[in-house]
Amino acid sequence: GGGCTVLPTVELKIEVVLPEKERGKEELSASGKGSPRAYQGNGTARHFHTEERLPTPHPYPSPQDCVEAAVCHVKDLENGQMREVELGWGKVLLVKDNGEFHALGHKCPHYGAPLVKGVLSRGRVRCPWHGACFNISTGDLEDFPGLDSLHKFQVKIEKEKVYVRASKQALQLQRRTKVMAKCISPSAGYSGSTNVLIVGAGAAGLVCAETLRQEGFSDRIVLCTLDRHLPYDRPKLSKSLDTQPEQLALRPKEFFRAYGIEVLTEAQVVTVDVRNKKVMFKDGFKLEYSKLLLAPGSSPKTLSCKGKEVENVFTIRTPEDANRVVRLARGRNVVVVGAGFLGMEVAAYLTEKAHSVSVVELEETPFRRFLGERVGRALMKMFENNRVKFYMQTEVSELRAQEGKLKEVVLKSSKVVRADVCVVGIGAVPATGFLRQSGIGLDSRGFIPVNKMMQTNVPGVFAAGDAVTFPLAWRNNRKVNIPHWQMAHAQGRVAAQNMLAQEAEISTVPYLWTAMFGKSLRYTGYGEGFDDVIIQGDLEELKFVAFYTKSDEVIAVASMNYDPIVSKVAEVLASGRAIRKREVE
């Protein structure tokens, strides 16, 4: 994608195009006659800023758009080493692997992490922050989070010197959107039938739609969401509550137009008729489909105590919720119910803004079930040092109002806490009520069980994301629910591949993170049922790594200020190797 000679790809100011001889192939498959896989893996990039600026293709970029420089001596890098090198117009990640040099974009397209601090293994580099993986030969994204790949630059070796050649634009963009098919369906936009219908526009739904287009699928795709926004970065909501919806968008609206991914906002599906392959929306609109992806996510649990209808009590699900909480919390007293990820992130964020922040939790320490007693206590101390007050091993018995608005939270321990705003983070349930009479299988908790190909019990109906349980390959195919951002991306991709009969299976190792007071905690694996925690480093200083074990196997790892240990462990687990307890002891 980023090279400048007429080698594999050719690049322009705004758009990277295929060389002339391959362009024929692209038009062919766009008209439905060529192979639907003609797009696959050609690694070229297309950047749409706005539709008006799409350039007319010109096959040869001019030399002044390119920059070439000697970046090091052949012997400067050992095998398995990475280095950031400067090309004048931007940096490049230089990688030496098996005697070969590769040059790629140096920043993770997800949140901009420096990949040089990541982990190189099995021909890919893994981001140190959130675990995304990129193939070093192509720059292609191989594991999530994030949507875009890296540019790949040309490397040549002359007189023992390593030269990198790149287009200036690719160096500045730092991300490459894979080539995608456009929609050529004549019925797009208005008819009552679609080829693919995706219910839910979170990470799973969006990645499914993008993957279909990347794989050359050019029929109609409709993505529907309860939200009033195009797909956005939901994990950010609880970490920075005053982010505006437009800053959260995962793709600009021009992107959806350009690739014919139709998004229906504020669209609630009320029934799915699998016999006739039809869904009905709340407003009576009916849509036929031939393939269906269910990715509805979760609904937050609410309090069921006396006074639950009082004003200024919130769950956080949308940018509007988050923004309203910050507005009302300024200089006021906030009570957060639930010391899980969401509650603790919100509490941390509001300490700077609110007059007081209190957290109410049933367990004796925050994050206890997830991170264990010791790590939970160390994090609790960090919060207490930031003036957060904890009311543990109790729950809310009543919300009291003055003139309809929240004034006090009464606890079962009979304590009364002053509160102008209450944020409820006590977990979530799968948003699958609309499927109850559909014949699509749900388990007793309302999750949609799927196999490794993300197929439900009904042919042609797939499911992905927070609402599913699936077999986790590296924990003996145990059926699990992993409601995390990275996993939703990965499942959306597998669902799309199987809609196209590519027989893909989900095999990614779970990876997640939380951020509080500007510090990140990273986590990989699946720690359910751990029976021991081995901690290295300094818990007090919050510079540690915690290994969660079950009998003699490491099943999960968490760290703070210890990069890139979690990405390293994720790579080991992804390679199929078990880590034994004695290895970390």
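Residues numbered from 1 in each chain as written. Predicted model: local features only at pLDDT ≥ 70, side-chain atom pairs only at ≥ 80, totals over all residues. Heavy atoms only, no water.

The name given to the protein chain in an unreviewed UniProt entry is Apoptosis-inducing factor 3, with Saimiri boliviensis boliviensis as the source organism. UniProt lists a comment for the protein chain under the heading Function (unreviewed entry), and it reads "Induces apoptosis through a caspase dependent pathway. Reduces mitochondrial membrane potential." (UniProt positions renumbered as here; feature names shortened; annotations may be inferred.)

To continue, consider the pairing of strand E35 (residues 519–525). Here E35 lies mainly inside the structure; 5 of its 7 residues are buried. As defined by bridge partners, strand E34 (residues 511–516) adjoins E35 across 6 bridges and the pair is classed as antiparallel. In the sheet register, Met516 faces E35, and the bridge partner there is Lys519. (Buried < 20%, exposed > 50% of the residue type's maximum accessible area, 1.4 Å probe, protein only. Helix = DSSP H or I, 4+ residues; strand = E, 2+ residues; numbered from the N terminus. Pairing = 2+ DSSP bridges.)

The next subject is empty space enclosed by the protein. Any empty space left between atoms is shown by rolling a water-sized probe over those atoms. Throughout the structure, instances matching the rule amount to 2 cavities of 30 Å³ or more. For the largest cavity, the calculated volume is near 100 Å³. Around the largest cavity, the lining residues are Leu141, Phe144, Leu147, Lys178, Val207, Glu210, Thr211, Gln214 and Arg493. The greatest single-element share of the lining of the largest cavity, amounting to 4 residues, is contributed by helix H3 (residues 203–214). Looking at the lining of the largest cavity residue by residue, the class counts come to 4 nonpolar, 2 polar and 3 charged. The two domains that each donate at least three residues to the lining of the largest cavity are domain 1 (66–177) and domain 2 (196–299 + 430–500). (1 Å grid on protein atoms, 1.4 Å probe; cavity = no way out; pocket = protein on both sides within 12 Å on 5 of 7 lines; lining within 4 Å. Points joined across faces, edges and corners; volume = space filled by probe spheres on them. Nonpolar A, V, L, I, M, F, W, Y, C, P; charged D, E, K, R; others polar. Domains from an automatic or database assignment.)

Quick look at the pattern of salt bridges now. In total, this model carries 35 salt bridges according to the counting rule given. A salt bridge links Glu408 to Arg400; the nearest nitrogen and oxygen atoms lie 3.4 Å apart. On the accessibility criterion, Glu408 (28% relative accessible area) is partly exposed. For Arg400, a relative accessible area of 33% puts it in the partly exposed group. (Salt bridge = Lys/Arg side-chain N within 4 Å of Asp/Glu carboxyl O.)

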